[in-house]
Amino acid sequence: MKTILIMRHGEATPMQADDASRNLTSVGQQQAEKMGLWLQATHAPSALLVSPYIRAQQTADGVKKHNAFLFEETCTDIVPEGNPQIAGDYLETLIAMYPQCDTWLVVAHMPIVSYLVDQLSIGNMPIFNTGAVAVISYDESNQKSQYLSIHAPNNVEI
């Protein structure tokens with residue numbers, strides 16, 4: 001069994017013409033670090049897939065302050081308008097290629113984070129607050145997933 005963690009980036013600056021260049025606010029930076037500490041204490045992710053957008057990269061950087069990864073990749077399939085089927089298939093391929101990684105963290109955006117949870121565990125499409133992490137159990141032997149829970153920075157204890 002593996003664990004897949006789907007995380008929405010922390011709070012970002014308002015929409016602008018170049019969406020990919022939006023930065024985290026100071027609140028977003030705090031959310032990323034708090035969730036990084038929570039992840040370290042509860043799930044200890046060993047692999048990271050992150051969107052190329054600045055706010056997702058900054059969120060991943062906050063998480064990396066408290067977690068060490070065996071595998072890291074920037075993935076263009078997990079941008080806001082990305083195709084969740086392609087992203088899910090790619091994630092499952094990586095899980096098969098890197099069996100030493102038991103817990104996979106995906107840092108991306110709305111709406112793909114909700115669609116990706118539904119792609120992996122049909123019928124589950126949680127609403128993600130900024131910085132929230134959905135937890136999914138994944139049985140790689142039969143490629144079956146089960147959505148377990150979602151945790152946001154305002155409701156986790158570290």
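Residues numbered from 1 in each chain as written. Predicted model: local features only at pLDDT ≥ 70, side-chain atom pairs only at ≥ 80, totals over all residues. Heavy atoms only, no water.

## Some words on the nonpolar core
- The biggest cluster of nonpolar side chains holds 26 residues, and the ones touching the most others in it are Ile4, Ile6, Leu49, Leu91 and Trp104.
- Put simply, the parts of the chain that give this core at least two residues each are β1 (2-8), β2 (47-50), α3 (84-97), β4 (103-108), α4 (112-120) and β5 (133-139).
- For this core, the leading source of residues is α4, giving five residues.
- Dropping the residues within four chain positions of it, Leu49 is found in contact with Phe71, Glu73, Cys75, Ile78, Tyr90, Leu91, Leu94, Leu105, Val106 and Val107.
- Met7, Trp38, Leu39 and Ala56 belong to the second largest nonpolar core, which has 16 residues in total. (Core = buried A, V, L, I, M, F, W, Y, C linked by side-chain atoms within 4.5 Å. Buried < 20%, exposed > 50% of the residue type's maximum accessible area, 1.4 Å probe, protein only. Helix = DSSP H or I, 4+ residues; strand = E, 2+ residues; numbered from the N terminus. Contact = heavy atoms within 4.5 Å.)

## Considering the packing of α3 against α4
- Two elements in contact, α3 and α4, have axes separated by 9 Å at closest approach and are oriented at 60 degrees. Considering the angle they form, α3 stands oblique to α4. Crossing geometry of α3 relative to α4 is assigned as right-handed. Contacts between α3 and α4 involve Pro84, Gln85, Ala87, Gly88, Leu91 and Glu92 on the former and, on the latter, Ile112, Tyr115, Leu116, Gln119 and Leu120. (Axes fitted to C-alpha atoms, helices over the stretch in contact; angles between N-to-C directions. Parallel < 35°, antiparallel > 145°, perpendicular 65-115°, else oblique. Left-handed = near helix turned anticlockwise from the far one by under 90°.)

## What to know about the packing of aromatic side chains
- The full count for this structure, using the stated rule, is three aromatic pairs.
- With a centroid separation of 4.4 Å and 40 degrees between ring planes, the pair formed by Phe71 and Tyr98 is classed as tilted. Note that Phe71 is positioned in strand β3 (residues 71-74) and Tyr98 in the loop between α3 and β4, a separation of 27 residues in sequence.
- The buried category is assigned to Phe71, whose relative accessible area is 11%.
- Tyr98 gets classed as partly exposed once you look at its relative accessible area, which sits at 25%. (Phe/Tyr/Trp six-rings, centres within 6.5 Å; stacked < 30°, edge-to-face > 60°.)

Shape descriptors only; they carry no functional weight alone.
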